[in-house]
Amino acid sequence: MTSELPYAADAEVSLSYDELEVLRIQYQKELSQGYVTVQTKFNYAWGLVKAPIREHQVEGVRLLQEIYRAEPTRRRECLYYLALGHFKMGNFDEAKKFNALLMEKEPTNMQALSLAQLIDKGVAHEGYIGMALVGGAAAIGTLLVAGLIRRATRK
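From a predicted model like this one, the values you see are computed outputs, not experimental measurements. (Residues numbered from 1 in each chain as written. Predicted model: local features only at pLDDT ≥ 70, side-chain atom pairs only at ≥ 80, totals over all residues. Heavy atoms only, no water.)

## Structural notes on the overall build of the protein chain
To keep it simple, the criterion reads: Each helix is a run of H or I in the DSSP string that is no shorter than four residues. Each strand is a run of E no shorter than two, and both are numbered from the N terminus.
Counting secondary structure elements, the protein chain contains 6 helices and 0 strands. For the protein chain, the N- to C-terminal ordering of α and β elements is α-α-α-α-α-α.

## Quick notes on helix α1 (residues 17–32)
Using the following cut-off: To estimate the expected span of a helix, subtract one from its residue number and multiply by 1.5 Å. In what follows, residue pairs with any heavy atoms lying within 4.5 Å of each other are defined as contacts.
Here α1 contains 16 residues, and its C-alpha end-to-end distance of 22 Å stays within 8% of the 22 Å for a straight helix at 1.5 Å per residue. Buried residues belonging to α1 abut α2 (38–50) and α3 (54–70). In the stretch just after α1, G34 is the one whose phi turns positive, near 90°.

## Some thoughts on the pattern of salt bridges
Worth spelling out the cut-off: Each salt bridge in this description consists of a side-chain nitrogen of Lys or Arg and a carboxyl oxygen of Asp or Glu lying within 4 Å of one another. Exposure classes here rest on a 1.4 Å probe applied to the protein chains alone. A residue is buried below 20% of its type maximum, exposed above 50%, and partly exposed in between.
Summed over the entire model, instances satisfying the criterion amount to 8 salt bridges. Ionic pairing is found between E94 and K97, a salt bridge with its closest N-O pair at 3.2 Å. Taken together, the residues E94 and K97, both in helix α5 (residues 92–105) and 3 residues apart, mark about one turn of the helix. Overall, E94 belongs to the partly exposed group, its relative accessible area being 29%.

Structure follows, in structure tokens:
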């Protein structure tokens with residue numbers, strides 16, 4: 001039996017421009033009429049979070065947070081996409097927080113378990129980049145100090 005979890009495909013699959021545009025038009029139409037249904041707002045936020053453009057992701061997370069605060073019955077739905085949005089933006093601490101809340105409610109949720117693995121990989125990757133930057137800075141610092149010592153001993 002394999003331990004592979006179903007992949008959190010939402011992490012990489014975006015809507016087409018036309019698909020997102022349909023959601024945006026519906027949202028803007030309701031907004032101009034003075035009342036946006038929770039479902040329309042959620043659908044638009046969902047599409048924005050899945051988008052490859054950071055500004056869209058930020059807006060999607062903002063809309064999901066509004067729904068999360070205002071609609072207690074929709075919180076569970078929002079948790080995964082809040083975690084996903086933060087993951088896609090590189091906010092791994094926030095992604096972990098929202099995903100952990102979902103996993104408290106649904107410990108066997110396969111998407112949440114898969115997303116947890118992706119978040120952990122993102123955190124590890126970020127750590128490797130940090131270590132590489134520190135290592136590079138240390139190497140440059142060592143070269144500078146060695147150069148200064150060399151200059152001082154020549155005089």
